[in-house]
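# A structural walkthrough
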Amino acid sequence: MMGIDEKLQPILAEVKRRNAGEPEFHQAVHEVLESLGRVVAKHPHYLDLALIERICEPERQIIFRIPWVDDHGKVQINRGFRVQFNSALGPYKGGMRFHPSVNVGIIKFLGFEQTFKNALTGMPIGGGKGGSDFDPKGRSDGEIMRFCQSLMTELHRHLGDQTDVPAGDIGVGGREIGYMFGQYKRLNNRFEAGVFTGKALAYGGSRARTEATGYGNTYFVQAMLATKGTSYDGKRVVVSGSGNVAIYTIEKVQSFGGKVVACSDSSGYVIDESGIDLALLKEVKDVRRERISEYARRRGADAHFVPAEKGSVWDVACQVAMPSATQNELSGKDARALVKNGVMAVGEGANMPCTPEAVKVFQDAGVLFAPGKAANAGGVATSALEMQQNASRDSWTFEQTEARLATIMRNIHDTCHATAEEYGAPGDYVLGANIAGFVRVAEAMRMLGVI
Ligand code: GLU
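As the structure is a prediction and not an experimental result, all values here were calculated from the model.

### Quick notes on the overall build of the protein chain
Looking only at helices and strands, the protein chain has 17 helices and twelve strands in total. In terms of C-alpha radius of gyration, the protein chain reaches 21 Å, essentially the compact-globule figure of 22 Å for 451 residues. Viewed in the frame of its principal axes, the protein chain has a C-alpha envelope of about 65 × 55 × 45 Å. Taking all 451 residues of the protein chain together, 57% fall into the buried category. A separation threshold of at least 6 residues defines the contact pool for the protein chain, and within that pool the share at least 24 residues apart is 71%. Accessible surface, the protein chain: about 17500 Å² in total, of which carbon and sulfur atoms supply 50%. Here the protein chain carries 52 positive and 52 negative side-chain charges, and the mean point of each set is 2 Å from the other.

The following block contains the structure:
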């Protein structure tokens, strides 16, 4: 990676000044601006039109109170967010995250990344993100429902199938989407299926949406490996996390002949030399919502659990690493350990899981590196397919939907690859993704006037 072009430095300084105390947002903007020096050298009019400054400023930011009553009758207060980042390409689109770490800076970083990711899919979707500092851990089903209903009592007025279309993210899956959509439908007196994606099949969801992010990352890394004449077959793979993204990454990698030997949650990781037993992992994490140590306990002699204080999942030797937990989960130190152990490809299933230092370590070592905004775009791309099915009141088969996903991922890979080459940095998928995503959004904004 290179530094930031002189002409772009004042833009970053202004973003930092205007968004003080939001390190993740600064990090995301910094990373994109590092790639844009070559773009403004070629197209100086982007600077005259202040397109970069405009893209760094969200179109609208909504922050609101979420009061709700817990199971003991106590009133609880959380904070809700929706950052409507950019609608040049279509309605705002992006997930909702429920996690105690959520604040406006985190939502802004996610909305910023989402804008370029969505552009890369080639689908007509703008970028947005939302969420709350609500912690779902240990909450009953009734508490989750009352919280979701209270959140939507405010948020509903800002949404619409042509305006802003949320989905899931960390802490928000099918159950939460059902409760939010149910309340939206009630308040608007409209069955507006396309206002939410990630819905259950029973009321307008798409087949393959649940699998799409993990499958998509697997396809992207497969395409990168193919540029070096190799594949997953027989390779050791480590996938961090054990949520929806991780589970379906493991499933797809295994179907391509890769051996996934470790996965994790925030309490630690499990190593399983005979390969992760996916049915057991789903039972522990998805059905029973237990800690990952439970996997090792039930798996017996084959697997063992290492608590988070005793080490990182990235200490486990592998040829392919797929970080699928959360932002900044893979440090420079972790990257050096992976390189030492012979990693050859990294695909980001989560949003910004590798620190800037880690990305540099991988790129300097010649490791194939796929940034999240390209590699994990399969989730939101399949959300756009869900919107398409809703708009035509249709429902596609799993095979049809997955085939579309596979084509989209192949196109994203090829676009990033070709863009990196065009801009004089062959093999640099970070540069390719940032430039291709940026140019799509910037071109649409240019045509729409000063907006
Ligand atoms: N939260 C997912 C992401 O980071 C999916 C967003 C969506 O489907 O709208 O891309």
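### Digging into the nonpolar core
Counting 53 residues, the largest nonpolar core has F220, L281 and I412 as the members making the most contacts within it. Broken down by element, the residue count for this core peaks at seven residues, all from helix α8 (residues 209-227). Sequence-distant contacts of I412, that is, excluding residues within four places in its chain, are made with L120, T121, F220, A374 and A377. Judged by nonpolar contacts, the second largest core, of 41 residues, contains F81, V83, M352 and A425.

### Focus on the site of the ligand
Contacts to the ligand come from 13 residues, most closely from K93, K117, G168, D169 and S383. Separating an oxygen atom of the ligand from a side-chain N or O atom of K129 is a distance of 3.1 Å. Within the side chain of N351, an N or O atom sits 3.1 Å from an oxygen atom of the ligand. For the ligand, whose accessible area on its own is 300 Å², the fraction buried by protein is 94%. Taken together, the elements giving at least two residues each to the shell around the ligand come down to β3 (92-98), α5 (104-121) and α15 (378-391). Looking at which element gives the most residues to the shell around the ligand, the answer is β3, with three residues. Here the residues of the shell around the ligand are counted per class, giving two nonpolar, six polar and five charged.

### So, the confidence of the model for the protein chain
The predicted model of the protein chain averages 97 in pLDDT, with 100% of residues at 70 or higher. For the protein chain, helix α3 (residues 45-48) is the element with the lowest average pLDDT, namely 93, and strand β2 (residues 75-86) is the one with the highest, namely 99.

### With respect to helix α13 (residues 356-364)
All buried positions along α13 are accounted for by A358, V359, V361, F362 and Q363. Where α13 is buried, its residues meet α12 (332-340), β11 (345-347), β12 (368-370) and α17 (429-447). The first or second residue beyond α13 is G366, which carries a positive phi of 75°.

### Quick look at the pairing of strand β1 (residues 60-69)
Both faces of the sheet carry side chains from a regular strand, because those side chains alternate between them. Where β1 lies against β2, ten bridges are found, and the strand directions are antiparallel. Along β2, the bridge assignment pairs I66 with N78.

### Side note on the pattern of salt bridges
Pairing between side chains of opposite charge can happen when the charged atoms of each approach one another. Tallied over the entire structure, the rule returns 31 salt bridges. The salt bridge partner of E294 is R297, with a shortest N-O separation of 2.6 Å. Here E294 pairs with R297, and both are found in helix α11 (residues 293-299), just three residues apart, close to one helical turn. Among the residues examined, R297 registers a relative accessible area of 59% and is labelled exposed. With its nearest N and O atoms 3.0 Å apart, the salt bridge here joins E357 to R336. Taken together, the residues span a long stretch of sequence, with E357 in helix α13 and R336 in helix α12 at a distance of 21 residues. Because the salt bridges share partners, they merge into one network encompassing E14, R17, R18 and E57.

### Details of unusual backbone geometry
The phi angle at M352 is positive, at roughly 55°, despite the residue not being glycine. Position of M352 relative to the elements: it lies in the loop between β11 and α13. Unlike most non-glycine residues, R393 shows phi in positive territory, near 50°. Relative to the helices and strands, R393 is located in the loop between α15 and α16 (398-422). Owing to a relative accessible area of 81%, R393 belongs among the exposed residues under this scheme.

### Thoughts on the packing of α8 against helix α9 (residues 244-255)
At their nearest, the axes of α8 and α9 sit 7 Å apart, and the two run at 55° to each other. Compared by their axis directions, α8 and α9 come out oblique. Considering only the axes of α8 and α9, their crossing is right-handed. Contacts from T210, E211, T213, G214, Y215, T218 and Y219 in α8 reach N244, V245, Y248, T249, E251, K252 and V253 in α9. Looking at the contact of α8 with α9 residue by residue, the classes come out as five nonpolar, six polar and three charged.

### Quick notes on the sheet that holds β1
Reading across the sheet, the five strands line up as β1-β2-β4-β3-β5 and stay open at both edges, with mixed pairing between neighbours. At either end of the open sheet lies a strand with only one pairing partner, and these are β1 and β5 (164-167). Ignoring strand direction, the axes of neighbouring strands in this sheet form an average angle of 20°. Where β2 meets strand β4 (residues 127-132), six bridges bridge the pair, whose relative direction is antiparallel. By the bridge assignment, F81 is partnered in β4 with G131.

### As for the environment of V238
Its place among the elements puts V238 in strand β6 (residues 236-239). Since its relative accessible area comes to 0%, V238 is described here as buried. When the C-alpha atoms of V238 and S274 are compared, they prove to be 13 Å apart, with 36 residues separating the residues in sequence.

### Here's the deal with the sheet that holds strand β7 (residues 259-265)
With mixed pairing, the seven strands of this open sheet are ordered in space as β9-β8-β7-β6-β10-β11-β12. Of all strands in the sheet, those bounded by a partner on one side alone are β9 (303-307) and β12. Across the sheet, the axes of successive neighbouring strands diverge by a mean angle of 15°, strand direction being ignored. The pairing of strand β10 (residues 320-322) with β11 spans two bridges and is classified as parallel. Residue pairing in the sheet places A321 in a bridge with V346 of β11.

Each value, and the rule that gives it
- Residues numbered from 1 in each chain as written.
- Predicted model: local features only at pLDDT ≥ 70, side-chain atom pairs only at ≥ 80, totals over all residues.
- Heavy atoms only, no water.
- Helix = DSSP H or I, 4+ residues; strand = E, 2+ residues; numbered from the N terminus.
- Rg over C-alpha atoms; globule rule 2.2 N^0.38 Å.
- Buried < 20%, exposed > 50% of the residue type's maximum accessible area, 1.4 Å probe, protein only.
- Contact = heavy atoms within 4.5 Å.
- Areas by Shrake-Rupley, 256 points an atom, 1.4 Å probe, with all protein chains shown as cover.
- Lys, Arg positive; Asp, Glu negative; His and termini not counted.
- Charge placed at Lys NZ, Arg CZ, Asp CG, Glu CD.
- Core = buried A, V, L, I, M, F, W, Y, C linked by side-chain atoms within 4.5 Å.
- Near = heavy atom within 4 Å.
- Polar contact = N/O pair within 3.5 Å; in protein donor to acceptor, adjacent residues only side chain to side chain.
- Nonpolar A, V, L, I, M, F, W, Y, C, P; charged D, E, K, R; others polar.
- pLDDT = per-residue confidence, 0-100.
- Pairing = 2+ DSSP bridges.
- Salt bridge = Lys/Arg side-chain N within 4 Å of Asp/Glu carboxyl O.
- Axes fitted to C-alpha atoms, helices over the stretch in contact; angles between N-to-C directions.
- Parallel < 35°, antiparallel > 145°, perpendicular 65-115°, else oblique.
- Left-handed = near helix turned anticlockwise from the far one by under 90°.

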